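As a plain string of letters, each chain reads:
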Amino acid sequence: MGIFGGGYDKPGKGVDKNEPKKKGFFLFFDIVIRKFTKFLGANCLYAITSIIWIAILYIFGGIVLSSTHIVQNVSDTIISLGTESSAENVQGSIMILIQLAFSIGVFTFWGSGPATAAYSYITRCFTRGEHTWVLSDGADKFKENFKQGMVVVLIDAVLLVFGLNAILFYHSLYVSTGSMLWMMLLYVMILVLVVYTMMHPYLYQIMVTFECGIGSLYKNALLITLAKLPGNFFTTLIGVLIYGALFTFVNPLAAAIIVVVIGLCVTCYPPQFYAARVIERSILKDMKEKQPKVEYIGEEE
């Protein structure tokens, strides 16, 4: 009951102790519904603290597009289907659409360093049912994981530049030569980027849960990603499909706003939810079971 209604100071009915514990998607949707207002706050705070990285990605996307014929080819296809807009307007709209989709997409599925560490800690607490203050606890985790978060985002930047250039290079060689070797290398590069995308929830969940070096961080994230590949692929695919639908059927600017305010609950949180559950049920549970039991013997009277 709200604070302006009667009985606001009385305790609620709580949760029935005999109520079965929710699992899987039922638990996921239960958390999103119960914590929806906190999710909105966390999403907005996450987007605001990541605005510089998003802007850099937007500019980088424009540079990549200007060096290719993607925009021109897409605009020519649209014009051939019949449109009253000029070629310049069509190309400008496509440019904005792709740049926004690219920058928000990398932010959604790869993260933005320290800000993602803070967001991952908050979503981990939501997943475990632990109390957390979005603003203060998020700020603490942002500072605690700043160095490792910056290292991760720098590695992201390097791999992003290298990966996109490699894909464009292999594709151009395949078109000019027709050799299947370049097509195979193209598929390998895409596969590497897909696996690296699925690693990110584990990178940040491990970062905020354990103290380890950057090498151990990437090694463990890769091993868990491969060990839980079907689940990781499924949760990531859900987010990608929802994300793609938004930027396909909604105005690009409106789609970007929807994603960062509400959409992160169904694009970014499912992989984070799954990663947090895997770490809790596998790693943390095993660590607790392996801890030696200590028996305290009292003095004889």
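Residue indices follow the written sequence of each chain, beginning from 1 at its first position. Reporting of local features is limited, given that this is a predicted model, to residues whose pLDDT is at least 70; pairs of side-chain atoms are given and counted only at 80 or more, and all residues count toward the totals for whole chains, interfaces and linings. With hydrogens and water stripped out, all remaining heavy atoms of the structure feed into the side-chain values.

## Some remarks on the pattern of salt bridges
Pairing between side chains becomes possible if they bear opposite charge and their charged atoms approach one another.
Point 1. Salt bridges are defined as contacts in which a side-chain nitrogen from Lys or Arg sits within 4 Å of a carboxyl oxygen from Asp or Glu. Summed over all chains, the structure comprises 3 salt bridges.
Point 2. A salt bridge links Glu 130 to Arg 128; the shortest N-O distance between them is 3.6 Å.

## Let's talk about the environment of Ser 112
Point 1. Put simply, DSSP H or I for four residues or longer makes a helix, DSSP E for two residues or longer makes a strand, and each gets a number counted from the N terminus. Looking at where Ser 112 falls in the secondary structure, it is placed in the loop between helix 5 (87-110) and helix 6 (114-128).
Point 2. Partly exposed residues are those whose accessible area sits between 20% and 50% of the maximum for their type, while under 20% is buried and over 50% is exposed, using a 1.4 Å probe and protein chains only. The class for Ser 112 is buried, based on a relative accessible area of 8%.
Point 3. Each C-alpha atom, one on Ser 112 and one on Gly 149, is 7.8 Å from the other, the two residues being 37 residues apart in sequence.
Point 4. When sequence neighbours within four positions are dropped, the list of residues in contact with Ser 112 reads Tyr 46, Ser 50, Trp 53, Phe 107, Val 153 and Tyr 204. In this description, contact between two residues means that some pair of their heavy atoms is separated by no more than 4.5 Å.

## Points about the environment of Asn 73
Point 1. Structurally, Asn 73 is set in helix 4 (residues 70-81).
Point 2. Between the alpha carbons of Asn 73 and Gln 91 there is a distance of 9.4 Å; along the sequence they are 18 residues apart.

## Some details on the confidence of the model for the protein chain
Point 1. On average, residues of the protein chain score 85 in pLDDT, and 82% of them are at 70 or above.
Point 2. Note on residues 1-15: pLDDT is under 50 here. Beyond four places in sequence and across chains, it has 4 contacts.
Point 3. Predicted confidence is poor over residues 294-301, with pLDDT under 50, and the contacts of this stretch with residues over four places away or in other chains come to 0 contacts. pLDDT measures how confident the predictor is about each residue, on a scale from 0 to 100.

## Here's the deal with the packing of helix 8 (residues 146-177) against helix 9 (residues 180-209)
Point 1. Remark: helix 8 packs on helix 9, axes separated minimally by 8 Å, with the N-to-C direction vectors making an angle of 165°. The orientation of helix 8 relative to helix 9 falls into the category roughly antiparallel. For the element pair helix 8 and helix 9, the recorded crossing hand is left-handed.
Point 2. Residues are grouped as follows: nonpolar covers Ala, Val, Leu, Ile, Met, Phe, Trp, Tyr, Cys and Pro; charged covers Asp, Glu, Lys and Arg; every other residue, Gly included, is treated as polar. Considering only residue class, the contact of helix 8 with helix 9 consists of 21 nonpolar, 5 polar and 1 charged. Fitted lines through C-alpha atoms give the axes, limited to the stretch in contact for helices. The angle between two N-to-C directions lies from 0 to 180 degrees. In what follows, roughly perpendicular refers to angles from 65 to 115 degrees, roughly parallel to angles under 35, roughly antiparallel to angles over 145, and oblique to any angle outside these ranges. Working rule for handedness: look at the near helix, and if it is turned counterclockwise from the far one by less than a right angle, call the crossing left-handed; if clockwise, right-handed.

## Side note on the nonpolar core
Point 1. If you look at the biggest cluster of nonpolar residues, it comprises 65 residues, and the most contacted ones within it are Phe 39, Ile 104, Tyr 202, Leu 203, Phe 247 and Tyr 269.
Point 2. In terms of residues, this core owes the most to one element, helix 9, which gives 12 residues.
Point 3. Once residues within four sequence positions are removed from consideration, Leu 203 is found in contact with Val 152, Leu 217, Tyr 218 and Ala 221. Remark: nonpolar core denotes a set of buried residues (Ala, Val, Leu, Ile, Met, Phe, Trp, Tyr, Cys) joined through side-chain atoms within 4.5 Å.

## Let's talk about the packing of aromatic side chains
In this description, a pair of aromatic rings is defined by centroid distance and the angle of the planes.
Point 1. For Phe, Tyr and Trp, where Trp contributes only its six-membered ring, two rings pair if their centres lie within 6.5 Å, and the inter-plane angle classes them as stacked under 30 degrees, edge-to-face over 60, or tilted in between. By the definition in use, this model includes 17 aromatic pairs.
Point 2. Taken together, a centroid distance of 5.8 Å and an interplanar angle of 80° make the contact between Phe 109 and Tyr 243 edge-to-face. With Phe 109 in helix 5 and Tyr 243 in helix 11 (residues 229-249), the pair connects residues that are 134 residues apart, well separated along the chain.
Point 3. Phe 109 sits in the buried class, given a relative accessible area of 14%.
Point 4. Ring centres 6.0 Å apart and planes at 50° place the aromatic pair Phe 142 and Phe 146 in the tilted group.
Point 5. Overall, the relative accessible area of 28% leaves Phe 142 in the partly exposed class.
Point 6. Members of the aromatic cluster, connected to one another through ring pairs, are Phe 28, Phe 29, Phe 39, Phe 126, Tyr 269 and Phe 273.

## Concerning helix 8
Each α-helix turn comprises 3.6 residues. Residues three or four places apart therefore point the same way.
Point 1. With 32 residues, helix 8 extends 46 Å from end C-alpha to end C-alpha; this agrees with the ideal 46 Å at 1.5 Å per step.
Point 2. Those residues of helix 8 that sit buried are Gln 148, Gly 149, Val 152, Val 153, Asp 156, Leu 159, Leu 160, Gly 163, Ala 166, Ile 167, Tyr 170 and Leu 173.
Point 3. At the C-terminal side of helix 8, Gly 178 shows a positive phi close to 75°. Each helix should span, by expectation, one fewer than its residue count multiplied by 1.5 Å.

## Looking at helix 9
Point 1. In a regular helix each residue adds 1.5 Å, so 30 residues correspond to 44 Å; helix 9 covers 44 Å between its end C-alpha atoms and thus fits that length.
Point 2. Approximately 35° is the largest bend angle found in helix 9, and it occurs at Met 199, with the proline Pro 201 only one to four residues beyond. Bend at a residue means the angle formed by two fitted axes: the first through the 7 residues ending at that position, the second through the 7 residues beginning there.

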